[in-house]
Each structure stands twice: as C-alpha cells, then as structure tokens.
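Okay, here's what each chain looks like letter by letter:
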2 protein chains.
Amino acid sequence: MKKRLGALERLFPMPCVLVVGGTMDEADAITVAWINVVASTPPTVVMGLRDTRRSLELIRATGELTVNIPSTKDVAAVDLCGIISGHKADKFAASGLTLEPGVALSTPMIAECAYNLECRVTQEERIGAYAIVFAEIIEAHAEESIIVPGTENVIDMDALDPLTYIPGAREYRALGAKVADAYSIGKTLQPDPAGE
Amino acid sequence: MKKRLGALERLFPMPCVLVVGGTMDEADAITVAWINVVASTPPTVVMGLRDTRRSLELIRATGELTVNIPSTKDVAAVDLCGIISGHKADKFAASGLTLEPGVALSTPMIAECAYNLECRVTQEERIGAYAIVFAEIIEAHAEESIIVPGTENVIDMDALDPLTYIPGAREYRALGAKVADAYSIGKTLQPDPAGE
C-alpha cells in the first residue's frame, strides 16, 4: 500500500560534493547534493544553488567553478561547509580543507578531494529561490592512487570512498557493495537480440 | 599526485532511477542516472535524456513523467530498460516490471518501485544531443513499509535499498552504511556559533 507524501523534493540517494567558487586569493566552498551530470556533448553538470550563497557570487564573478568529491573521512568538514555561511566565516580555516590551484582554469580545487572537475559556467536558469547553474566540464583530475590499475581513467570507488546524501533522514551514507555490471546483467532478461 | 583525465562527464556516485513517459495504454520506461533535484520552490527535478529516446517522445506528448526508484533486487530489469530501445521492444513485457496508474497525473508509475514521483514538465533546454528536461514534482508516493515509523515522510534507506550508478566502471552499487548525521557532525569543527 502506497502513501501520498505531497510534493517532496527528494530522490535517493544524492551525491555529495564540494563546489568551489573564486580564486586562490578569495574562495568559498559549498556542500552541494543537488548536482549531477546531464549531458556529454559537451560534458555538462547542472546544480541548484540557493540565491543567497556566497559561493554563487564568486562563481558569477569568474564564470568558473570546481566540483570536488570528498571521501567519508572528510564528513565533518563537508557538513561544516553546508552549515556555516561563507559571508560570515572562512570555511577553509574552520574545516581544515586546503586549496590547490586550478590547472585549466583559475578557480582552485580542494586538495584533500581525490577527484575534481574544473568547469566553466555556460548558462544560468532560475527556479524560485534557486539559481540553476549549468557548467561545462573542462578537465577532470584524479589522484593516481584511485585510478584502477591498467585503465586510463576508471575510478576505483573503494579508493575514492565517496559520500552520498540522504534527504529526509538528513544523513550521509557511504557507497555499498557492487550489485552488478551495467550493460550486462540486463541481457539475462533480453527476449530478442534484435531489440538491442 | 593528481593526473589530468580530460573532459570526462563523470561524477560519483549517481542515482539510478526509472523514468516513465506515456499513459497506461502506451508507456515506456528508461533508466536514468543523469537526474537530480535542483530546487524546492517549487520542487523540481532535472534530467538529461538522449534525443533519440522513445520515452522522451512520450514525455513531450503528455508534458508529464514519473520518477521511480528501483531497489537492488530489480537490477536486471533496470539494466534492461537502459539497454533495449522502447522503439523496438516492450520493456515491461521483457523486464517483468508492471505499471500502476498515476494518482495526481495521467502518467503511470512502476508498481515494483517503492518510491515514486509524479512530475509535470516545466521547461526543456538543449545541450548538444541531449534534452535537458525540468519537471515539477507534483506528488511523491512511498510504500508504507519503507516509511520510518513515527515519521510523516522519512524514507528508510535500508528498506528502499536503492541502486547507484558508477560511470567509468559501469557498475551498479548499493548504498552503504550511515557515516554521520547532516547539519550535526560539522558542528564539532565549528569555530564560532555566530558563524552559523
């Protein structure tokens, strides 16, 4: 029996990343769960950011941002970047996270995050109190230790150990065990190869 | 030492849902990892869909869609809905998934998915070969068995047991253990309550 819950803005699970705006001289980081890739031609991320965010001001000023994927050991720092305002406190001093220079762009990345995306803003839409920011991925970076040996760019999830965010329960969860290979397990149900 | 990987369209992890377009008479389901909530005023999801998708035709025809969250036990059916084309095969017959009528809207939901969102399309953008579909969440539904007892609408992740999708490795993973409470663990690092 299903229950109607009303118009809830929840989907499970959400990723949990740190978005940085600004420069090495002046930067802010914000914890973002409302983000994902939406296209590959060109590679593009989209995110929803509350209008009042200091990071958004910095992102608008440079037209750039970085997406940084923290691991479960960074959870307190990640949560802090979602709780305190960049208008009122230096999140880097408070969280212990440090910046490293961007490579392709001028916005810094978070050194402690083993996977980073440098992105250039391409479009901004508005939905109520939210800025919907589209940004093209210009360059991805990964610690060599998290790249699956023998591959060019496959990331080892056990090494990255990313966080997820669960709305409603308001908790962070780790990633679990592998369930199956994609583009593979479904073939066990496939009625007719011509349908492929 | 970090390695440059080029402009990869990857972020970790992604959710993994089934999006349905159409009516009880004619519907199609598609596996979507490029989706998330982006706003709450009004509650809005955004997703990137390849232009050639049959589901997209059906979504455009009705201006509606549903988002359905499968569990790890549905992984073969989920993968099948990503592999075969709705132009060529009836995904419901092949996957064993069944439809139930929408409550607020006319697009059906997937009965086997314990959490569903009925959504009305509000906007469509274009990025290369992708349609970026914005849809307002009109009503959420959950099996009573996955609602945390004593709460109005908090979903129990162990009961929902959702899938995640890992690009690059092309694998489905389950959700892992709780790491910490959000809006809480960060306070252990907070330097000054005035910064809140």
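Residues numbered from 1 in each chain as written. Chains lettered and ligands numbered in written order. Predicted model: local features only at pLDDT ≥ 70, side-chain atom pairs only at ≥ 80, totals over all residues. Heavy atoms only, no water.

Colleague: Honestly, the overall build of chain A in this entry has me stumped. Any pointers?
Modeller: A tally of helices and strands in chain A yields four helices and 13 strands. Taking 16 Å as the expected radius of gyration for a compact globule of 196 residues, we find that chain A reaches 18 Å, a close match to that expectation. Across the 196 residues that make up chain A, the buried fraction comes to 60%. Summarising the internal contacts of chain A: among those between residues at least 6 apart in sequence, 58% fall at separations of at least 24. Carbon and sulfur atoms make up 49% of the accessible area of chain A, which amounts to about 7,100 Å² in all. (Helix = DSSP H or I, 4+ residues; strand = E, 2+ residues; numbered from the N terminus. Rg over C-alpha atoms; globule rule 2.2 N^0.38 Å. Buried < 20%, exposed > 50% of the residue type's maximum accessible area, 1.4 Å probe, protein only. Contact = heavy atoms within 4.5 Å. Areas by Shrake-Rupley, 256 points an atom, 1.4 Å probe, with all protein chains shown as cover.)

Colleague: So what exactly am I meant to see when it comes to the pairing of strand 7 (residues 64-69) of chain B here?
Modeller: Successive side chains on a regular strand alternate, one facing one side of the sheet and the next facing the other. Residues and elements named next belong to chain B. Of all six residues making up strand 7, six are buried, and the element is well covered by its neighbours. Relative to strand 7, strand 3 (residues 17-22) runs antiparallel, the two sharing three bridges. Considered in strand 7, the bridge of L18 is made with N68. Strand direction decides the pairing type here: strand 7 and strand 10 (residues 115-127), joined by six bridges, are antiparallel. When the bridges of strand 10 are listed, V67 appears paired with L117. (Pairing = 2+ DSSP bridges.)

Colleague: When you look at the pairing of strand 11 (residues 130-143) of chain B in this model, what are you seeing that I'm missing?
Modeller: By the criterion of burial, strand 11 of chain B is predominantly enclosed, with eleven of the 14 residues buried. Pairing geometry for strand 1 (residues 2-6) of chain A and strand 11 of chain B, over four bridges, is antiparallel. Within the sheet, the bridge partner assigned to R4 of chain A lies in strand 11 of chain B and is H141 of chain B. By the bridge criterion, seven bridges tie strand 6 (residues 43-50) of chain B to strand 11 of chain B in an arrangement that is antiparallel. When the sheet's bridge partners are listed, G48 of chain B is paired in strand 11 of chain B with I132 of chain B. In this sheet, strand 11 of chain B lies alongside strand 10 of chain B in antiparallel orientation, the contact comprising twelve bridges. When the bridges of strand 11 of chain B are listed, I127 of chain B appears paired with Y130 of chain B. From the end of strand 10 of chain B to the start of strand 11 of chain B, which pair antiparallel, there are two residues, and G128 of chain B there has a positive phi angle of about 55°.

Colleague: Help me understand the interface of chain B and chain A, please; the structure alone is not making it clear to me.
Modeller: One frequent convention defines the size of an interface as the accessible area lost when the parts assemble. Of the residues lining the interface, 111 residues belong to chain B; the matching set on chain A comes to 111 residues. Both sides of the chain B and chain A interface together cover about 9,600 Å² of buried area, and 62% of this is carbon and sulfur. Our count for the contact surface shared by chain B and chain A stands at eight salt bridges. The shortest N-O distance in the salt bridge between R173 of chain A and D158 of chain B comes to 3.1 Å. (Buried area = accessible area lost by both parts, 1.4 Å probe. Salt bridge = Lys/Arg side-chain N within 4 Å of Asp/Glu carboxyl O.)

Colleague: Can you help me understand the packing of aromatic side chains in this one?
Modeller: How two aromatic rings sit relative to each other is set out by the distance from centre to centre and by the angle between their planes. Within this structure, the stated rule accounts for seven aromatic pairs over all chains. Between Y165 of chain A and Y172 of chain A, the aromatic rings sit 5.8 Å apart at their centres with planes inclined by 55°, giving tilted as the arrangement. Comparing Y165 of chain A with Y172 of chain A, the two get one shared label, buried. Above the face of the Y183 of chain B ring, R170 of chain A is positioned so that its terminal group lies 4.1 Å from the ring centre. (Phe/Tyr/Trp six-rings, centres within 6.5 Å; stacked < 30°, edge-to-face > 60°. Lys NZ or Arg CZ within 6 Å of the ring centre and 35° of its normal.)

Colleague: I tried to follow helix 1 (residues 54-62) of chain A on my own but got confused; where do I start?
Modeller: Spacing of three or four residues puts side chains on the same side of an α-helix, whose turn is 3.6 residues. All buried positions along helix 1 of chain A are accounted for by R54, S55, L56, L58 and I59 of chain A. If you follow the buried residues of helix 1 of chain A, they end up packed against strand 3 (17-22), strand 4 (27-32), strand 6 (43-50), strand 7 (64-69), strand 10 (115-127) and strand 11 (130-143) of chain A.

Colleague: Before we go on, may I ask you to explain the relation of the copies chain B and chain A in this structure?
Modeller: Both copies of the chain are related by one operation, a rotation about an axis with a shift along it. For the pair chain B and chain A, the superposition axis carries a translation of 0.0 Å, the fit reaches an RMSD of 0.0 Å, and the rotation angle comes to 180°. Here the copies are linked by what is in effect a two-fold axis. Relative to the rotation axis, the closest C-alpha in chain B is found at G176 of chain B, a distance of 1.8 Å. Taken together, the interface assignments show that 100% of the residues at the interface of chain B recur at the interface of chain A, consistent with an identical surface on both copies. (Least-squares fit on C-alpha atoms with pLDDT ≥ 70 in both.)

Colleague: Can you walk me through the sheet that holds strand 12 (residues 163-166) of chain A in this structure?
Modeller: Hydrogen bonds between backbone groups are what pair the strands of a sheet, and the pairing can be parallel or antiparallel. Taken together, six strands build an open sheet; the order of strands is 2(A)-12(A)-13(A)-13(B)-12(B)-2(B) and the sheet is antiparallel. Only two strands of the sheet have a single partner each, and these edge strands are strand 2 (14-15) of chain A together with strand 2 (14-15) of chain B. The pairing of strand 2 of chain A with strand 12 of chain A spans two bridges and is classified as antiparallel. Within the sheet, the bridge partner assigned to M14 of chain A lies in strand 12 of chain A and is Y165 of chain A.

Colleague: I keep staring at the state of the cysteines and nothing clicks. Help me out?
Modeller: Cysteine pairs can be linked by a disulfide, which is a covalent bond between their two sulfur atoms. A full pass over the atoms with the stated rule returns zero disulfides over all chains. Unpaired in this structure, C81 of chain A has its nearest cysteine sulfur neighbour in C113 of chain A, at a distance of 9.2 Å. (Disulfide = S-S within 2.5 Å.)

Colleague: How do you make sense of the side chain of R53 of chain A when you look at a structure like this?
Modeller: Among the structural elements, R53 of chain A can be located in the loop between strand 6 and helix 1. As a buried residue without a salt bridge, R53 of chain A has its nearest oppositely charged side chain in D28 of chain A, at a separation of 6.8 Å. (Lys, Arg positive; Asp, Glu negative; His and termini not counted.)

Colleague: Help me understand the pattern of salt bridges in this model?
Modeller: The full count for this structure, using the stated rule, is 27 salt bridges over all chains. Between E100 of chain A and K2 of chain B there is a salt bridge; the shortest N-O distance is 2.8 Å. In this pair, E100 of chain A sits in strand 8 (residues 99-100) while K2 of chain B sits in strand 1 (residues 2-6), so the two residues belong to two different chains. E124 of chain B serves as the salt-bridge partner of R60 of chain B, at 2.6 Å between the closest nitrogen and oxygen. One end of the pair, R60 of chain B, is in helix 1 (residues 54-62); the other, E124 of chain B, is in strand 10, and 64 residues separate them in sequence. Via salt bridges that share partners, D158, K178 and D181 of chain A together with E171 and R173 of chain B belong to a single interconnected network.

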